[in-house]
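Descriptive analysis of the structure
Spelled out from the first residue to the last, the chains are:
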Amino acid sequence: MDSKNAKLQRYLYRASVLVLLAGLLSAGLVYYHAADGGNHGLGYQVVDGVAYAAGESKAYVRDMEMYGGTSGRLIAAFNQWLGSLWHGKRLAYVLAIGAALISYACFWFARELELFATDEPEV
């Protein structure tokens, strides 16, 4: 392998390790400092002095189905779930999985550089 590819391969291996360590460390810190998951509803409706999450009331679900159909209700539920991934302990899981995937991609690319270099005919 020529020195240019070898240098790039070393950088990618180091980047892989650094991304994994930084991602897992930050995920651990977020997990440690995150509050236990509460109700992160779309909003709250106050009825007779009691606050209800908007996504849980039957009236909200009925209105969503009336205006947007079943697909509108499902899209709203998916959007609420997706938004919940960016808060609390779920964010720590997202960070850990994202760091592992990026680290694996760097490692895989570095490994492919090595395999690609060994398949080239010497001139």
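The coordinates are above.
These remarks concern the structure in this document. (Residues numbered from 1 in each chain as written. Predicted model: local features only at pLDDT ≥ 70, side-chain atom pairs only at ≥ 80, totals over all residues. Heavy atoms only, no water.)

Some words on the overall build of the protein
Counting secondary structure elements, the protein contains three helices and two strands. If you list the helices and strands of the protein from N to C, you get α-β-β-α-α. Relative to its 123 residues, the protein shows a buried fraction of 18%. Sequence-distant contacts, at least 24 apart, represent 64% of the contacts inside the protein between residues at least 6 apart. Accessible surface computed for the protein: about 9,300 Å², of which carbon and sulfur atoms make up 65%. (Helix = DSSP H or I, 4+ residues; strand = E, 2+ residues; numbered from the N terminus. Buried < 20%, exposed > 50% of the residue type's maximum accessible area, 1.4 Å probe, protein only. Contact = heavy atoms within 4.5 Å. Areas by Shrake-Rupley, 256 points an atom, 1.4 Å probe, with all protein chains shown as cover.)

Here's the deal with helix α1 (residues 3-33)
Structural remark: α-helix, 3.6 residues per turn; residues separated by three or four positions point the same way. With 31 residues, α1 ought to run about 45 Å at 1.5 Å a step, and its terminal C-alpha atoms sit 44 Å apart, in line with that. Among all positions in α1, only Asn5, Ala6, Gln9, Leu12, Ser16, Gly23 and Ala27 are buried. (Expected span 1.5 Å × (residues − 1).)

Observations regarding a nonpolar patch on the surface
Where nonpolar side chains cluster on the molecular surface, the patch consists of Leu8, Tyr104, Phe107, Trp108 and Phe109 and spans about 540 Å² of accessible area. The dominant element in the nonpolar patch, judged by the number of residues it contributes, is helix α3 (residues 88-119), at four residues. With respect to the secondary-structure elements, tyrosine 104 resides in helix α3. (Patch = residues over 30% accessible without salt bridge, like charges linked within 9 Å, V, L, I, M, F, W, Y side chains within 5 Å. Salt bridge = Lys/Arg side-chain N within 4 Å of Asp/Glu carboxyl O.)

Observations regarding the environment of alanine 77
Within the element layout of this structure, alanine 77 appears in helix α2 (residues 58-84). Taking relative accessible area as the criterion, alanine 77 reaches 43% and is therefore assigned partly exposed. Separated by 16 residues in the primary sequence, alanine 77 and valine 61 place their C-alpha atoms 9.8 Å from one another.

A look at the packing of aromatic side chains
The final tally for this structure, using the stated rule, is three aromatic pairs. Relative to tyrosine 93, the ring of tyrosine 31 has its centre 5.9 Å away and its plane inclined at 55°; by these criteria the two rings are tilted. Here tyrosine 93 lies in helix α3 and tyrosine 31 lies in helix α1, a separation of 62 residues in the sequence. Take tyrosine 31: its relative accessible area is 37%, and that puts it in the partly exposed class. Judged by centre distance (5.7 Å) and plane angle (35°), the rings of phenylalanine 78 and tryptophan 81 are tilted. Here the residue phenylalanine 78 and the residue tryptophan 81 both occupy positions in helix α2, the gap between them amounting to three residues, near one helical turn. Overall, tryptophan 81 belongs to the partly exposed group, its relative accessible area being 43%. (Phe/Tyr/Trp six-rings, centres within 6.5 Å; stacked < 30°, edge-to-face > 60°.)

A few points about the pattern of salt bridges
In the structure shown here, the tally under the stated rule is two salt bridges. In this structure, aspartate 63 engages arginine 62 in a salt bridge whose closest nitrogen and oxygen atoms are separated by 3.4 Å. Classification of aspartate 63 by relative accessible area gives partly exposed; the value is 28%. Here glutamate 65 ties to arginine 73 by a salt bridge, and the two come within 2.6 Å at their closest N and O atoms. Using a relative accessible area of 28% as the deciding quantity, one classes arginine 73 as partly exposed.

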